[in-house]
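# Geometric and topological summary
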Amino acid sequence: TVYEDYSKSPLYTFHVVVNTKVPVTEEIKRAFIDKDPLRENVSAGEKIKVGSQLITMIGVEGGTFEMGGTKEQGKSAGEDEKPVHEVTVSGFEIAQTEVTAGLWLEVMGSLPYGNKDSEPNKPVVNVSWYDCQEFLLKLNALTGRKFRLPTEAEWEYAALGGKYAKNCYYSGSDVLELVGWYRNNSKTDAEDHIKMQPVKRLNHNELGIYDMSGNVLEW
């Protein structure tokens, strides 16, 4: 049986497949297989132009925080979020929004299935982890920068609001309707799937980052 969602379940396992004629690029091997990602540990906010698109970065000052299931989440925290532990992160910059279809199209030249060029402000979807790496390589070639995916700790620290965190249940508020799209405030399609919404339509969190709760899942 093939499952088409991305849920975790004790019932799911997987096969692996390898391309026999397409080796992993040296850039991906060095950065992600050899565990030596290139980083810029800065915390300045800036706007980076990519063709017709503009990436607004949010500077996140480094700090120490309790990572994992927070006391605000209580019993809602998953087992993979336990135990809570102290983590220190260096300063970094994170984009104000998820990567949009418009930015993906500008960098890659085409959109994956399920995205529309008429909806450039929606997050790009149907992208694998390796698709993301190809996107990052091309984005770095265009900008001369060192873009990468955030670490799990960096993402969680930014979602919590960094040093400005108010210990909210969701990213930026205790009320999900204010900061995140979900079944109660987003339209559904004919199959009762929640419709993906454009970025920056709801409130941002304490750092000025949007959509860290609700809408779509993130790598």
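Check the entry above for the structure.
To start, this report covers the structure provided alongside it. From a predicted model like this one, the values you see are computed outputs, not experimental measurements.

When its secondary structure is counted, the chain shows five helices and five strands. Seen in sequence order, the chain has helices and strands lined up from the N terminus as α-β-β-β-β-β-α-α-α-α. Taken over 219 residues, the chain has a buried fraction of 35%. Taking contacts inside the chain between residues at least 6 apart in sequence as the whole, the part at least 24 apart equals 61%. By element, 52% of the accessible surface of the chain is carried by carbon and sulfur atoms, the whole surface being about 14,300 Å².

With that settled, the discussion passes to the sheet that holds strand β2 (residues 53-60). The antiparallel open sheet is built from three strands, whose spatial order is β1-β2-β5. Here the strands that pair on one side only, and so sit at the sheet edges, are β1 (47-50) and β5 (92-95). Within the sheet, the average angular offset between the axes of one strand and its neighbour, ignoring direction, is 35°. Of the strands in this sheet, β1 and β2 are in contact with helix α2 (residues 101-108), which crosses β2 at around 115°.

Our focus in this paragraph is the pattern of salt bridges. A complete count under the given rule lists five salt bridges for this structure. Note that Lys163 and Glu61 form a salt bridge whose closest N and O atoms lie 2.8 Å from each other. Here Lys163 is found in the loop between α4 (152-160) and α5 (176-179), whereas its partner Glu61 is found in the loop between β2 and β3 (63-67), with 102 residues between them in sequence. Since its relative accessible area comes to 43%, Glu61 is described here as partly exposed.

With respect to the element layout, Ser171 can be found in the loop between α4 and α5. Through-space distance from the C-alpha of Ser171 to that of Met212 is 5.9 Å; in sequence the pair is 41 residues apart. A polar contact of 3.2 Å, which involves the side chain of Ser171, links it to the side chain of Asn205.

Moving on, we get to the packing of aromatic side chains. Evaluation of the coordinates by the stated rule reveals four aromatic pairs. On the numbers, 5.1 Å between centres and 40° between planes, the contact of Phe65 with Tyr157 is tilted. Highlighted residues: Phe65 in strand β3 and Tyr157 in helix α4, separated in sequence by 92 residues. Accessibility assignment for this pair places Phe65 and Tyr157 in one class, buried. On the numbers, 4.9 Å between centres and 85° between planes, the contact of Trp129 with Tyr130 is edge-to-face.

Looking now at the pairing of β1. Here β1 shows a buried face lined by Ile48 and Val50 and an unburied face lined by Lys47 and Lys49. Relative to β2, β1 is paired through four bridges, and the arrangement is antiparallel. The partner of Ile48 across the bridge, within β2, is Ile55. The hairpin turn running from β1 into β2, its antiparallel successor, is two residues long, and Gly51 in that turn takes a positive phi close to 60°.

Now for the environment of Ile94. For Ile94, the location among the structural elements is in strand β5. Under the relative-accessibility criterion, Ile94 is labelled buried at 11%. Ignoring anything within four residues of it in the chain, the contact list for Ile94 reads Thr56, Met57, Ile58, Val60, Ala158, Ile209 and Met212.

Another aspect to go through is helix α3 (residues 129-143). Compared with the 21 Å implied by 1.5 Å per residue over 15 residues, the 21 Å span of α3 between its first and last C-alpha is a close match. Looking at α3, one finds that the buried residues are Cys132, Gln133, Phe135, Leu136, Leu139 and Asn140. For α3, the angular spread of buried residues about the axis comes to 160°, placing them on one side. Facing away from the buried side of α3 by more than 90 degrees, the exposed set consists of Tyr130, Ala141 and Leu142.

What counts as what
Residue positions are given per chain, counting from 1 as you read along its sequence in written order. For this predicted model, a pLDDT threshold of at least 70 governs which residues receive local features, and a threshold of 80 or more governs which side-chain atom pairs are given and counted, while totals over whole chains, interfaces and linings are taken from all residues. Heavy atoms throughout the structure, all of them, feed into the side-chain values; hydrogens and water do not. Helix and strand definitions follow DSSP, with helices as H or I runs of at least four residues and strands as E runs of at least two, each counted in order from the N terminus. Only protein chains enter the accessibility calculation, which uses a 1.4 Å probe; a residue is then buried when its area is under 20% of its type maximum, exposed when over 50%, and partly exposed in between. Note on definitions: a residue-residue contact is assigned when non-hydrogen atoms from the two residues lie within 4.5 Å. For the area figures, the Shrake-Rupley method with a 1.4 Å probe applies, and any residue is considered shielded solely by the protein chains shown. The rule for pairing is simple: two strands pair if DSSP sees at least two bridges between them. The convention used is that axes are lines fitted to C-alpha atoms, helices contributing only their stretch in contact, and that angles between N-to-C directions extend from 0 to 180 degrees. A pair is scored as a salt bridge if a Lys or Arg side-chain nitrogen falls within 4 Å of a carboxyl oxygen belonging to Asp or Glu. N or O atoms closer than or at 3.5 Å make up a polar contact, with two conditions inside protein: a donor-capable atom paired with an acceptor-capable one, and, for residues adjacent in sequence, both atoms drawn from side chains. The pairing test for Phe, Tyr and Trp rings, Trp by its six-membered ring, is centres within 6.5 Å, and the orientation test on the planes gives stacked under 30 degrees, edge-to-face over 60, and tilted for anything in between. A helix is expected to span 1.5 Å multiplied by its residue count minus one. Taking the helix axis as origin, the arc is that swept by the directions to the C-beta atoms.

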